[in-house]
Amino acid sequence: MKKEIAIGVDIGGTSIKGAAVTSEGEVLDVFAFDVDKEKNQEEIIYQLIDEIKKYTAIHGYNKENLLGIGVGIPGTIDTVNGEVIYSNNLRWNHLPIRKMMEEGTGFEVRIINDAKAATLAENKFGAGKKHKDFVLITLGTGVGSGIITNNKLLTGNKGYGAELGHIMLRLDGEPCTCGRSGCFEAYASATALNRDTKRMMNQHQDSLMWKKLEEYGCLSAKVAFDAAKEGDKYALEVVDNYCMYLAEGLLDICNAFRPEVIVLSGGIAKAGDFLLSKVVKHCEKYHYGYDGLPKVEIKISELGYDTGKIGAAALFF
Ligand code: BGC
């Protein structure tokens, strides 16, 4: 059978990435650009349209050989009317992105929440392939989620639901960008980890995390995770605390959905086995709920960096 091709775009807070993806999940040539924080939401979309026009011209894509463009966006997405209703991390509001992009590129455009795109990708091509009930959690700037129950993506009314990043772990806890406080995201996102890393570093000038920061040039999850792997006790405290909150959120998800598998994706999932072993240990201590219930396997994403792009393109397959 002839492979079909669509472009998948993954919109993030700091950069926008895209690629042509085949109906077999292969990622072809990639494009990416940094988001200029000075630009407003419309200007960013016009820049994306220009990038796509350049990309399709260079690679010879046209209406005959490209099914369309799928776009994954963080936030509340009206998939029926093609609008970003509100994006708490991008600070976008009522943006008719589908209409803008269809007029600007001439291709059909479909949109979806970023984490739900990642979930479709892992479901079709990755760690969720063999499972009819699974949950994917993205650990990045925010905490996103996608829930597959009985092979169907749970979306809620107009696609606005299934936002597990905003279930509450702690009353009157850390502030969240959604306006509440104590959300799962306020403890399990990369933003939360960076906040706690900074706090710990400021209290302990002798922590190895300072050396890691100098080496990497910017604060990221790697600073705490790598220092913790080398035994720095302050970094270990940050990482253990992070893993405890993450595991507590996952235990709630086990109790609510009892999936066969929970897949962790996004930047922090790159910490791999080091992260996984701590999270699983905590979950096992509390037995994923009650004795006798089927155990939930926790896995790292198989598609890694490309998950969002593949899932957005998969809206056409
Ligand atoms: C947003 C979600 C998004 C997630 C990951 C959360 O803060 O509310 O819609 O999927 O971040 O980007």
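One structure accompanies this document, and this report is about it. (Residues numbered from 1 in each chain as written. Predicted model: local features only at pLDDT ≥ 70, side-chain atom pairs only at ≥ 80, totals over all residues. Heavy atoms only, no water.)

Observations regarding the sheet that holds strand 9 (residues 134-139)
Spatial ordering of the open sheet is given by 11-10-9-12-13, a layout of 5 strands whose pairing is mixed. Of all strands in the sheet, those with a lone pairing partner are strand 11 (152-153) and strand 13 (297-300), marking the two edges. Packed on one face of the sheet, helix 9 (residues 272-285) meets strand 12 (261-265) and strand 13 and runs near 165° to strand 13. (Pairing = 2+ DSSP bridges. Helix = DSSP H or I, 4+ residues; strand = E, 2+ residues; numbered from the N terminus. Contact = heavy atoms within 4.5 Å. Axes fitted to C-alpha atoms, helices over the stretch in contact; angles between N-to-C directions.)

Quick look at the site of the ligand
Taken together, 14 residues form the shell around the ligand, and within it Gly75, Asn88, Asp114, Glu163 and Glu185 come nearest. In the environment of the ligand, an oxygen atom lies 3.0 Å from a nitrogen or oxygen atom belonging to the side chain of asparagine 89. Contact with the protein chains removes 94% of the 300 Å² of surface that the ligand exposes when unbound. Those elements that place two or more of their residues in the shell around the ligand are helix 3 (114-125) and strand 10 (143-149). (Near = heavy atom within 4 Å. Polar contact = N/O pair within 3.5 Å; in protein donor to acceptor, adjacent residues only side chain to side chain. Areas by Shrake-Rupley, 256 points an atom, 1.4 Å probe, with all protein chains shown as cover.)

Here's the deal with the packing of aromatic side chains
Summed over the entire model, instances satisfying the criterion amount to 5 aromatic pairs. Centroid distance tyrosine 55 to tyrosine 61: 6.2 Å. Interplanar angle 25°. Geometry classified as stacked. Residue tyrosine 55 is classed as buried on the basis of its relative accessible area of 4%. Pairing phenylalanine 225 with phenylalanine 274 gives two aromatic rings, centres 6.2 Å apart and planes at 80°, and the pair type is edge-to-face. With phenylalanine 225 in helix 7 (residues 221-229) and phenylalanine 274 in helix 9, the pair connects residues that are 49 residues apart, well separated along the chain. Using a relative accessible area of 2% as the deciding quantity, one classes phenylalanine 225 as buried. Here the aromatic cluster, defined as three or more aromatic residues joined through ring pairs, consists of Phe31, Tyr55 and Tyr61. The cationic tip of arginine 195 hangs over the ring face of tyrosine 187; the distance from NZ or CZ to the ring centre is 5.9 Å. The ring of tyrosine 216 is capped by lysine 222, whose NZ or CZ atom sits 4.8 Å from the centre of that ring. (Phe/Tyr/Trp six-rings, centres within 6.5 Å; stacked < 30°, edge-to-face > 60°. Buried < 20%, exposed > 50% of the residue type's maximum accessible area, 1.4 Å probe, protein only. Lys NZ or Arg CZ within 6 Å of the ring centre and 35° of its normal.)

Some details on the packing of helix 8 (residues 233-257) against helix 9
Contact geometry for helix 8 and helix 9: axes closest at 8 Å, N-to-C directions at 55°. Viewed along their axes, helix 8 and helix 9 adopt a mutual orientation that is oblique. Where helix 8 crosses over helix 9, the handedness of that crossing is right-handed. Contact with helix 8, carried on its side by Leu236, Val239, Asp240, Tyr242, Cys243, Met244, Leu246, Ala247, Glu248, Leu250 and Leu251, involves Phe274, Leu275, Lys278, Val279, His282 and Cys283 of helix 9 and no other residues of that element. In terms of residue class, the contact of helix 8 with helix 9 is built from 13 nonpolar, 1 polar and 3 charged. (Parallel < 35°, antiparallel > 145°, perpendicular 65-115°, else oblique. Left-handed = near helix turned anticlockwise from the far one by under 90°. Nonpolar A, V, L, I, M, F, W, Y, C, P; charged D, E, K, R; others polar.)

A closer look at the pairing of strand 7 (residues 92-95)
The pairing of strand 6 (residues 83-87) with strand 7 spans 3 bridges and is antiparallel. Looking at strand 7, one finds that serine 87 is bridged to tryptophan 92. In this structure, the hairpin formed by strand 6 and strand 7 is closed by a connection of 4 residues, where arginine 91 is found at a positive phi of approximately 65°.

Here's the deal with the environment of lysine 116
Position of lysine 116 relative to the elements: it lies in helix 3. Among the residues examined, lysine 116 registers a relative accessible area of 3% and is labelled buried. If sequence neighbours within four positions are ignored, lysine 116 has contacts with Ser145, Leu153, Leu154, Thr155, Gly159, Gly161 and Ala162.

Points about the pattern of salt bridges
What the rule picks out here adds up to 16 salt bridges. In this structure, arginine 199 engages glutamate 174 in a salt bridge whose closest nitrogen and oxygen atoms are separated by 2.8 Å. Of the two residues, arginine 199 is situated in helix 5 (residues 190-203) and glutamate 174 in the loop between strand 11 and helix 4 (185-188); the sequence distance between them amounts to 25 residues. Lysine 212 serves as the salt-bridge partner of glutamate 230, at 2.7 Å between the closest nitrogen and oxygen. Highlighted residues: glutamate 230 in the loop between helix 7 and helix 8 and lysine 212 in helix 6 (residues 208-216), separated in sequence by 18 residues. (Salt bridge = Lys/Arg side-chain N within 4 Å of Asp/Glu carboxyl O.)

Side note on the sheet that holds strand 2 (residues 15-22)
The sheet built from 5 strands is open, its strands ordered 3-2-1-4-8 with mixed pairing. Of all the strands in the sheet, just strand 3 (27-34) and strand 8 (109-113) have a single pairing partner and so form its edges. Going across the sheet, the axis of each strand differs from the next one's by a mean of 20°, ignoring polarity. Alignment of strand 1 (residues 5-11) against strand 2, held across 7 bridges, turns out to be antiparallel. From the neighbouring strand, glycine 8 faces strand 2, where its bridge partner is alanine 19. Seen against the sheet, helix 1 (residues 41-59) touches strand 1, strand 2, strand 3 and strand 4 (69-73) and runs at an angle of roughly 145° to strand 3. Packed on one face of the sheet, helix 3 meets strand 1, strand 4 and strand 8 and runs near 100° to strand 8.

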